[in-house]
Number of protein chains: 2
Amino acid sequence: MERLDATQLRTLAAVVAEGSFEAAAQTLHVSQSAVSQRIQALEATVGQVLVRRSRPCRATTAGQPLLRLAGQLLLLEREALTEARGPLTGTPHAPGAPVRTRVAVVANADSLATWFVTALARLPAELAVSFDIRQDDQEHTAELLRDGSVMAGVTAQRVAVQGCRVRPLGAMRYLALAAPAAAAHWFPDGLTVPAPPAAALALAVAPVVVFDRRDRVQHRFIRSLVGRDLDPPVHYVPSVPAFSEAIRRGLGWGLVPEQIAHADLASGACVDLTPGRYVDVPLYWQHWRLDSPVLDTLTDAVRSAAADALR
Amino acid sequence: MERLDATQLRTLAAVVAEGSFEAAAQTLHVSQSAVSQRIQALEATVGQVLVRRSRPCRATTAGQPLLRLAGQLLLLEREALTEARGPLTGTPHAPGAPVRTRVAVVANADSLATWFVTALARLPAELAVSFDIRQDDQEHTAELLRDGSVMAGVTAQRVAVQGCRVRPLGAMRYLALAAPAAAAHWFPDGLTVPAPPAAALALAVAPVVVFDRRDRVQHRFIRSLVGRDLDPPVHYVPSVPAFSEAIRRGLGWGLVPEQIAHADLASGACVDLTPGRYVDVPLYWQHWRLDSPVLDTLTDAVRSAAADALR
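Residues numbered from 1 in each chain as written. Chains lettered and ligands numbered in written order. Predicted model: local features only at pLDDT ≥ 70, side-chain atom pairs only at ≥ 80, totals over all residues. Heavy atoms only, no water.

- Chain A has the name Transcriptional regulator, LysR family in an unreviewed UniProt entry, where Micromonospora yangpuensis is given as its organism.
- The annotation that UniProt attaches to chain A under Sequence similarities (unreviewed entry) is "Belongs to the LysR transcriptional regulatory family." (UniProt positions renumbered as here; feature names shortened; annotations may be inferred.)

The following block contains the structure:
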């Protein structure tokens, strides 16, 4: 049986993680032509193009299983080394500090902005990990799992990605907020449910703040209120702090995670447009099927932080 | 002289703004094959491929001047219509509410998370704009200006992009923060400047929180302290709220915009590692050279909000 070269696999992982042959060469402390030669040799062994030479570089469909394999080998190797050498002492001045285990995970923007860092902080320091966090829409996080770029992720996708286990985390609750003046201007009669015809007219013309073009949660909420699709004016604001600030400033209404909404409601900066009516978005934790202490500890930390923060 | 078809140009703008032929068709309320035919017809007129059929669709080099032209024509047309029809009354139930003027701008994550929304909120409601905000690294925002995707942006690039005017906005100041326990653990002797050899050793092994692989501000700060490049362990956390939360939770130290840093220093959640020593990142406003009331008003609002928030 053919053998895959570990150095070539590690180089593949570095090219995709760093985004370019040049950056991978820097990280691996080798020349760029060495990186090229290793990738070409690996591609010759497999008989397929493995890396799309885009900016940033991505794994091709053929490259995805090899990228996942490379990440898994690296993780297992680091863990074995850490175990063999004993726990990281944490002494800053120790010469030859161990190379940290890279933990690449993806989460949606609202999880990152609210509860996810709590989970990361629960990992004991002696695990000596380096977090490589990606942010992506919760409907699209599964792509990074599938192509092997990340080992785990918070996703809205409940069907397990190939090679992954999936566990429910609970639901993120969103409340429909607007600044008091904006609410009075656009919804003078309030937004009772089921929405009367006047409310549907108001929802059709009131500006709504949407994270980006992949964020459909506001449009689905409108449909749940009035029973059909509307095409209101939209402000796209792809930043969690800017999103809620845009609502506080009266640019439009929008759905805000309850963790952020509560502060705005308590301070009077916003009002709840539909008291008692909310949107629950179920989230799942998907992770590689791998017997890894780091992945197990991370999974425990994520599930416990999610249990505190989600519904 | 050949003429460019306005409907085809508008279709080009929709394809790039929405990211796909399918989404453009939905926005324009036409069939997807109509979108394809218009783009092909425009490409035949120009004799060049104008749209890279990627996900999302982007303008090719040849398509960039046409995309910018399309955006400029749309903006001018909307402004003329708004002026002809009189100011937007704001009555939510008015039939045939005017189509809003799309204002596509890019800003770096830290500006979006701190002062930029203040500028947007200063635009009078009767301008009836729809904001289409993009977030990108301040060193890369110029790309979206160059390819015509946005009409203006907050950028670190001081050289005017072709067809744009550039104005200085002031500098965003960053302070080096860490949680008190992390500071005591990694920098028991503090971080005086110039850094003694022990501090350089500490900086080489203390984990640092970095936004993403394009964020070099922490590494440049280290070089300014110790006079050479170091390769410390890095946590990548590409979310402004998660970035400062990771520092508060002790995952590493990092450079935080002063607007966010002040709250963490006041609450005692963080300490300033290098009191009196900071990083100032000069920011610029680049916008299309175009006689447009909307762009003029936006520029005034951005300059005034920046004058309040930046150095």
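### Some points on the overall build of chain A
Okay, so step 1: Along its length, chain A carries 13 helices and 11 strands.
Okay, so step 2: Reported as C-alpha extents along the three principal axes, the dimensions of chain A are approximately 70 × 45 × 30 Å.
Okay, so step 3: In chain A, which comprises 311 residues, the proportion classed as buried is 56%.
Okay, so step 4: For chain A, long-range pairs separated by at least 24 residues make up 75% of all intrachain contacts whose partners lie at least 6 apart in sequence.
Okay, so step 5: In the form shown here, chain A has an accessible surface area of approximately 13,500 Å², with 52% of it arising from carbon and sulfur atoms. (Helix = DSSP H or I, 4+ residues; strand = E, 2+ residues; numbered from the N terminus. Buried < 20%, exposed > 50% of the residue type's maximum accessible area, 1.4 Å probe, protein only. Contact = heavy atoms within 4.5 Å. Areas by Shrake-Rupley, 256 points an atom, 1.4 Å probe, with all protein chains shown as cover.)

### What to know about the packing of helix α2 (residues 21-28) of chain B against helix α3 (residues 32-46) of chain B
Residues and elements named next belong to chain B.
Okay, so step 1: Look at α2 against α3: their axes get within 8 Å of each other, and the N-to-C directions meet at 105°. Relative to α3, α2 is oriented roughly perpendicular. Residues F21, E22, A24, A25 and L28 of α2 lie in contact with α3, whose contacting residues are Q32, V35, S36, R38 and I39.
Okay, so step 2: Considered class by class, the residues forming the contact of α2 with α3 number six nonpolar, two polar and two charged. (Axes fitted to C-alpha atoms, helices over the stretch in contact; angles between N-to-C directions. Parallel < 35°, antiparallel > 145°, perpendicular 65-115°, else oblique. Nonpolar A, V, L, I, M, F, W, Y, C, P; charged D, E, K, R; others polar.)

### Section: the interface of chain A and chain B
Okay, so step 1: With 44 residues of chain A at the contact, the number on the chain B side is 44 residues.
Okay, so step 2: Counting across the chain A and chain B interface gives four salt bridges.
Okay, so step 3: Residues R213 of chain A and E18 of chain B are paired through a salt bridge, measuring 3.0 Å at the closest nitrogen-oxygen approach.
Okay, so step 4: On the surface where chain A and chain B come into contact, there are 16 residue pairs in polar contact (both at pLDDT 80 or more). (Salt bridge = Lys/Arg side-chain N within 4 Å of Asp/Glu carboxyl O. Polar contact = N/O pair within 3.5 Å; in protein donor to acceptor, adjacent residues only side chain to side chain.)

### Here we look at the pairing of strand β11 (residues 278-288) of chain B
Side chains on a regular strand alternate between the two faces of the sheet.
Residues and elements named next belong to chain B.
Okay, so step 1: Burial analysis of β11 places eight of its 11 residues in the buried class, the great majority of the element.
Okay, so step 2: Where strand β5 (residues 152-155) meets β11, four bridges bridge the pair, whose relative direction is antiparallel. Each bridged residue has a counterpart across the sheet, and for V154 the counterpart in β11 is W285.
Okay, so step 3: As paired strands, strand β6 (residues 164-178) and β11 are joined by 11 bridges and run antiparallel to one another. Bridging from a neighbouring strand, Y174 pairs with V279 of β11. (Pairing = 2+ DSSP bridges.)

### A word on the nonpolar core
Okay, so step 1: Ranked by internal contacts, the top residues of the largest apolar core, which has 88 residues, are W115, F116, F187, L203, W253 and W285 of chain A.
Okay, so step 2: With sequence-adjacent residues up to four places away left out, F187 of chain A is seen in contact with A182, A202, L203, A206, W253 and L273 of chain A.
Okay, so step 3: Counting residues in hydrophobic clusters, the runner-up holds 87 residues, among them L112, L144, V279 and L298 of chain B. (Core = buried A, V, L, I, M, F, W, Y, C linked by side-chain atoms within 4.5 Å.)

### Some thoughts on the UniProt feature "domain: HTH lysR-type" (unreviewed entry) in chain A
Okay, so step 1: The UniProt feature table records "domain: HTH lysR-type" (unreviewed entry) at residues 4-60 of chain A.
Okay, so step 2: End C-alpha to end C-alpha, residues 4-60 of chain A measures 17 Å, and it is 63% helix and 7% strand.

### Quick look at the side chain of N108 of chain B
Residue and element names in this part refer to chain B.
Okay, so step 1: For N108, the position within the fold is in the loop between β3 (101-107) and α5 (109-114).
Okay, so step 2: On the basis of relative accessibility, which here comes to 1%, the residue N108 falls in the buried class.
Okay, so step 3: Of note is the side chain of N108, whose polar atom sits 2.7 Å from the side chain of S111.
Okay, so step 4: If we ignore the near neighbours within four places in the chain, the residues touching N108 are D136, D137, Q138, T141, V154, M172, Y174 and L283.

### Some details on unusual backbone geometry
Okay, so step 1: In this chain, R55 of chain A is followed by P56 of chain A through a cis amide linkage whose omega measures 0°.
Okay, so step 2: For P56 of chain A, the position within the fold is in the loop between β1 (51-52) and β2 (58-59).
Okay, so step 3: Located in the positive-phi region is H29 of chain B, a residue other than glycine, with phi close to 60°.
Okay, so step 4: Residue placement: H29 of chain B occurs in the loop between α2 and α3.

### Notes on the packing of helix α1 (residues 6-18) of chain A against helix α3 (residues 32-46) of chain A
Residue and element names in this part refer to chain A.
Okay, so step 1: Where α1 meets α3, the axes come as close as 9 Å, and the angle between the chain directions of the two elements is 115°. It follows that α1 is roughly perpendicular to α3 by the angle criterion. Handedness of the crossing formed by α1 with α3: left-handed. Residue-level contacts link T7, Q8, L9, T11, L12 and V15 of α1 to V35, R38, I39, A41, L42 and T45 of α3.
Okay, so step 2: In terms of residue class, the contact of α1 with α3 is made up of seven nonpolar, four polar and one charged. (Left-handed = near helix turned anticlockwise from the far one by under 90°.)

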